[in-house]
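In case you want the letters, here they are:
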Amino acid sequence: MLLYGAAEFGVSLSESHIDRLLRLMLELRKWNRKFNLTAIKREREIIVKHFLDSLTMVTLLPDCARVLDLGSGGGFPAIPLALIRPDLDVLSVDAAEKKIFFQRHAARLLGLQKFTTLHARGELLAKSHAGGFDVIVSRAFSSLPRFITLAQPLMAPGGTIIAMKGKWGDADATDAAPFLAEQELGVRQVVRLRLPVSGDERTLVVIASR
């Protein structure tokens with residue numbers, strides 16, 4: 001499922017990738033029994049709704065980009081991106097300490113070399129990381145303007161913001177257009193797709209400076 005599902009998004013997985021993702025799934029399920037890291041608990045759902053969902057954006061990321069996952073939860077999409085794209089320099093941020101503890105454990109287990117974590121609230125990042133990232137991603141925010149408000153100060157010149165949205169992501173982007181214009185931002189690309197097996201609709205909204 002992993003191999004063919006990833007291929008639908010133009011991502012080629014090696015045996016090592018698959019082995020490490022399956023190790024990640026086992027650890028996530030084990031930790032989840034104690035710490036309630038995610039509401040997604042069944043193996044197939046983890047593969048589809050965490051792993052494959054994370055991989056939808058792999059081909060949108062520039063080589064050697066500095067990537068911030070803002071509000072990463074149990075580490076998605078940050079951990080799969082760092083695993084599949086070792087050229088990326090990935091910082092994963094979440095306000096829940098138990099989730100950051102899990103991510104650090106997973107990073108050691110999987111041997112992720114350019115993956116770091118930070119236990120912090122997104123509102124405070126601009127003080128220490130202003131302009132520090134080529135790509136800022138998140139699937140944690142229901143409000144696109146709120147995500148943009150937090151992400152824009154952290155975006156490097158020429159950088160992009162990618163909002164992982166559900167079925168109505170294009171409508172969210174349209175509704176947010178006046179706000180984006182006020183911030184001198186615009187929608188560069190809207191990618192619509194379906195997750196394998198579940199058929200759930202996803203939308204990636206790519207935002208950049210005008």
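Refer to the structure presented above.
Residues numbered from 1 in each chain as written. Predicted model: local features only at pLDDT ≥ 70, side-chain atom pairs only at ≥ 80, totals over all residues. Heavy atoms only, no water.

A. Up close: helix H3 (residues 43–55). In this model H3 runs 17 Å from its N-terminal to its C-terminal C-alpha over 13 residues, within 8% of the 18 Å that 1.5 Å per residue would give. Of the residues making up H3, those classed as buried are Ile-46, Ile-47, Val-48, His-50, Phe-51, Leu-52, Asp-53, Ser-54 and Leu-55. Its buried side turned inward, H3 meets helix H1 (2–7), helix H2 (15–35), helix H4 (78–84), strand S5 (155–165) and strand S7 (201–209). (Helix = DSSP H or I, 4+ residues; strand = E, 2+ residues; numbered from the N terminus. Expected span 1.5 Å × (residues − 1). Buried < 20%, exposed > 50% of the residue type's maximum accessible area, 1.4 Å probe, protein only. Contact = heavy atoms within 4.5 Å.)

B. Inspection of the pattern of salt bridges at higher detail. For the coordinates displayed, the defined rule picks out 13 salt bridges. A salt bridge links Lys-30 to Glu-27; the nearest nitrogen and oxygen atoms lie 3.3 Å apart. Taken together, the residues span about one helical turn, with Lys-30 and Glu-27 both in helix H2 at a distance of 3 residues. Here Lys-30 falls in the partly exposed class, since its relative accessible area comes to 42%. According to the relative accessible area criterion, Glu-27 is buried, its value standing at 13%. Close ionic contact of Arg-85 with Asp-63 constitutes a salt bridge, the shortest N to O distance being 3.8 Å. On the criterion of sequence distance, the pair formed by Arg-85 in the loop between H4 and strand S2 (89–94) and Asp-63 in the loop between H3 and strand S1 (66–70) is long-range, its members being 22 residues apart. (Salt bridge = Lys/Arg side-chain N within 4 Å of Asp/Glu carboxyl O.)

C. Structural view of the pairing of S2. Judged by how many residues are buried, S2 sits mostly within the fold: 5 of 6 residues are covered. Pairing of S1 with S2, which is carried by 5 bridges, proceeds in the parallel orientation. Pairing of Arg-66 across the sheet is with Asp-89, part of S2. Read as a crossover between parallel neighbours, the route from S1 over H4 to S2 is right-handed. (Pairing = 2+ DSSP bridges. Right-handed = clockwise from strand over helix to strand, strands pointing away.)

D. Inspection of helix H5 (residues 97–110) at higher detail. Taking 1.5 Å per residue as the helical rise, H5 with its 14 residues ought to reach 20 Å, and the 20 Å between its terminal C-alpha atoms agrees with that figure. Buried residues of H5: Ile-100, Phe-102, Gln-103, Ala-106, Ala-107 and Leu-110, and no others. Buried residues in H5, looked at end-on, bunch into an arc of 155°, giving them a common side. Those residues of H5 that are buried lie in contact with H2, H4, S2 and strand S3 (115–119). Of the residues flanking the end of H5, it is Gly-111, one or two places downstream, whose phi is positive at about 70°. (Arc of directions from axis to C-beta.)

E. How the structure looks around the packing of aromatic side chains. On inspection of all chains with the given rule, the structure shows 4 aromatic pairs. Aromatic side chains Trp-31 and Phe-102 sit 5.4 Å apart centroid to centroid with 65° between the ring planes, which places their arrangement in the edge-to-face category. Of this pair, Trp-31 sits in helix H2 while Phe-102 is found in helix H5, placing the two residues 71 residues apart along the sequence. In terms of burial, Trp-31 and Phe-102 fall into one category: buried. Every member of this aromatic cluster is reached through a ring pair, and the members are Trp-31, Phe-35 and Phe-102. (Phe/Tyr/Trp six-rings, centres within 6.5 Å; stacked < 30°, edge-to-face > 60°.)

F. Up close: the sheet that holds strand S4 (residues 133–138). Ordered in space as S3-S2-S1-S4-S5-S7-S6, the 7 strands form an open sheet in which the pairing is mixed. Unpaired on one side and paired on the other, S3 and strand S6 (185–194) mark the two borders of the sheet. Neighbour to neighbour, the strand axes of the sheet diverge by 20° on average, direction disregarded. Bridge analysis of S5 against S7 gives 6 bridges, and the strand direction is antiparallel. (Axes fitted to C-alpha atoms, helices over the stretch in contact; angles between N-to-C directions.)

G. Up close: the packing of H2 against H5. Following both chains from N to C, one finds H2 and H5 inclined at 150°, their axes separated by 11 Å at the closest point. Between H2 and H5, the angle is such that the two are roughly antiparallel. The interaxial crossing formed by H2 with H5 has right-handed handedness. Where H2 approaches H5, its residues Arg-20, Arg-23, Leu-24, Glu-27, Leu-28, Trp-31 and Phe-35 are matched on the opposing element by Lys-98, Phe-101, Phe-102, His-105, Ala-106, Leu-109 and Leu-110. Among the residues forming the contact of H2 with H5, the class breakdown is 9 nonpolar, 1 polar and 4 charged. (Parallel < 35°, antiparallel > 145°, perpendicular 65-115°, else oblique. Left-handed = near helix turned anticlockwise from the far one by under 90°. Nonpolar A, V, L, I, M, F, W, Y, C, P; charged D, E, K, R; others polar.)

Don't take any of this as a statement about function, it's just geometry.
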